[in-house]
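# Chain and residue survey
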Amino acid sequence: MKVIKVKNYEEASQKAFEIFRDQVKEKPDSILGLATGSTPIRMYELLAEDHKVNGTSYKNVHTFNLDEYYGLAPTHPQSYYYFMTEHLFKFLDIDLNNVNVPKGNQDIQAECDRYNTMLAENQIDLQLLGIGSNGHIGFNEPGTPFDSVTHYIELDESTRKDNARLFFDGVLEDVPTHAVTMGIKNIMEAKRVVLIACGDNKATAIKGLVEDEPTTSLPASILSTHPDFTLIIDEGAASKLDK
Ligand code: F6R
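Bear in mind that the values here come from a model prediction, so they are computed numbers and not experimental data. (Residues numbered from 1 in each chain as written. Predicted model: local features only at pLDDT ≥ 70, side-chain atom pairs only at ≥ 80, totals over all residues. Heavy atoms only, no water.)

Turning our eyes to something else, we now look at the overall build of the chain. The helix and strand tally for the chain stands at seven helices and ten strands. Taking 2.2 N^0.38 as the reference for a compact globule, 243 residues should give roughly 18 Å; the C-alpha atoms of the chain span a radius of gyration of 17 Å, in line with that estimate. If one aligns the C-alpha atoms of the chain with their principal axes, the spans along those axes are about 45 × 40 × 35 Å. Counting every position in the chain, which comprises 243 residues, the buried fraction comes to 53%. Nonlocal contacts in the chain, meaning residues at least 24 apart in sequence, comprise 79% of its contacts between residues at least 6 apart. As displayed, the chain has an accessible area near 10,600 Å², and 49% of this comes from carbon and sulfur atoms. Seen as two clouds, the 23 positive and the 37 negative side-chain charges of the chain have centres 5 Å apart. (Helix = DSSP H or I, 4+ residues; strand = E, 2+ residues; numbered from the N terminus. Rg over C-alpha atoms; globule rule 2.2 N^0.38 Å. Buried < 20%, exposed > 50% of the residue type's maximum accessible area, 1.4 Å probe, protein only. Contact = heavy atoms within 4.5 Å. Areas by Shrake-Rupley, 256 points an atom, 1.4 Å probe, with all protein chains shown as cover. Lys, Arg positive; Asp, Glu negative; His and termini not counted. Charge placed at Lys NZ, Arg CZ, Asp CG, Glu CD.)

In structure tokens, the structure reads:
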């Protein structure tokens, strides 16, 4: 595991941006694994700015998002498809036919099977992750087996509260109770993984990831066994580390 410790969110976003931009420049037909949530927003702004100013092209890039809320159509303003369009895709020259976000409003088992087949045929070159305050990656909540593939999952109360605070105007009842998420095995199959964690509320999860043995009670802890894993943390997220 490579750990990059920076001062704050801006610096973390800058580091992650550089890694993703370089990946696309070096391999213009890269397959990128993408995340939603508050963490990648600034990195996506930087990618959009770089595309506009320097012309880095996404014409041949394919993307796979980690997850989607169950029951929301892609046109719903709180859906992750909508999030990706508004924060990234509409600013790039990416072909929307090359964009993959699991669909939360379909026959869910058929959709999980479809996504797993696509992932088996398209190894992700570089996967971006955030981390839940409970240590989840994607929507793989504590207790999810490490060999899980794309599946339907009930969200933890803590996850729904975190997401209500950030995205649903604080209205917990509006946050879907279930989601569809890439499994931990799918994530671990990416060639390279980058996780950004910022803020004190991520410090306990980061301490477990860096200092403890992998355990399903902290899903992100398995990443310490990935052969090419980079962790970008700010001072808040690093605040409970002993070393
Ligand atoms: C989002 C996702 C989640 C988030 C995590 C952190 O697609 O898979 O694992 O990365 O919940 O969310 P933020 O960045 O809002 O703290």
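As a further point, take the site of the ligand. Around the ligand, the structure places 14 residues, and the nearest of them are Thr 39, Asp 67, His 136, Gly 138 and Lys 202. Summarising the interface, the protein chains cover 95% of the accessible area of the ligand, which totals 410 Å² for the free molecule. Spatially, the ligand is embedded in the largest pocket. Looking at the shell around the ligand, its residues break down into four nonpolar, eight polar and two charged. (Near = heavy atom within 4 Å. 1 Å grid on protein atoms, 1.4 Å probe; cavity = no way out; pocket = protein on both sides within 12 Å on 5 of 7 lines; lining within 4 Å. Sits in = over half its atoms within 2 Å of the grid points. Nonpolar A, V, L, I, M, F, W, Y, C, P; charged D, E, K, R; others polar.)

Let's shift gears to the layout of surface pockets. The computed volume of the largest pocket comes to approximately 450 Å³. The wall of the largest pocket is formed by 25 residues, among which Gly 37, Ile 131, His 136, Asn 163 and Lys 202 lie closest to the centre. Looking at which element gives the most residues to the lining of the largest pocket, the answer is helix α5 (residues 157-167), with six residues. The residue inventory of the lining of the largest pocket, partitioned by class, reads nine nonpolar, twelve polar and four charged. (Points joined across faces, edges and corners; volume = space filled by probe spheres on them.)

The subject of this paragraph is the pairing of strand β8 (residues 178-181). On β8, burial covers both faces: His 178 and Val 180 on one face and Ala 179 and Thr 181 on the other are all buried. In this sheet, β8 lies alongside strand β4 (residues 67-69) in antiparallel orientation, the contact comprising three bridges. Bridge pairing in β8 places Tyr 69 opposite Ala 179. Of the strand pairs in this sheet, strand β7 (residues 151-154) and β8 are connected by four bridges, and their pairing is antiparallel. Following the sheet pairing, His 151 is matched in β8 by Thr 181. (Pairing = 2+ DSSP bridges.)

Attention shifts here to the sheet that holds strand β10 (residues 229-233). Pairing within the open sheet is parallel, and its seven strands lie in the order β1-β10-β9-β6-β2-β3-β5. Each edge of the sheet is formed by a strand with only one pairing partner; in this case those strands are β1 (2-5) and β5 (99-100). In this sheet, β10 lies alongside β1 in parallel orientation, the contact comprising four bridges. The partner of Val 3 across the bridge, within β10, is Leu 231.

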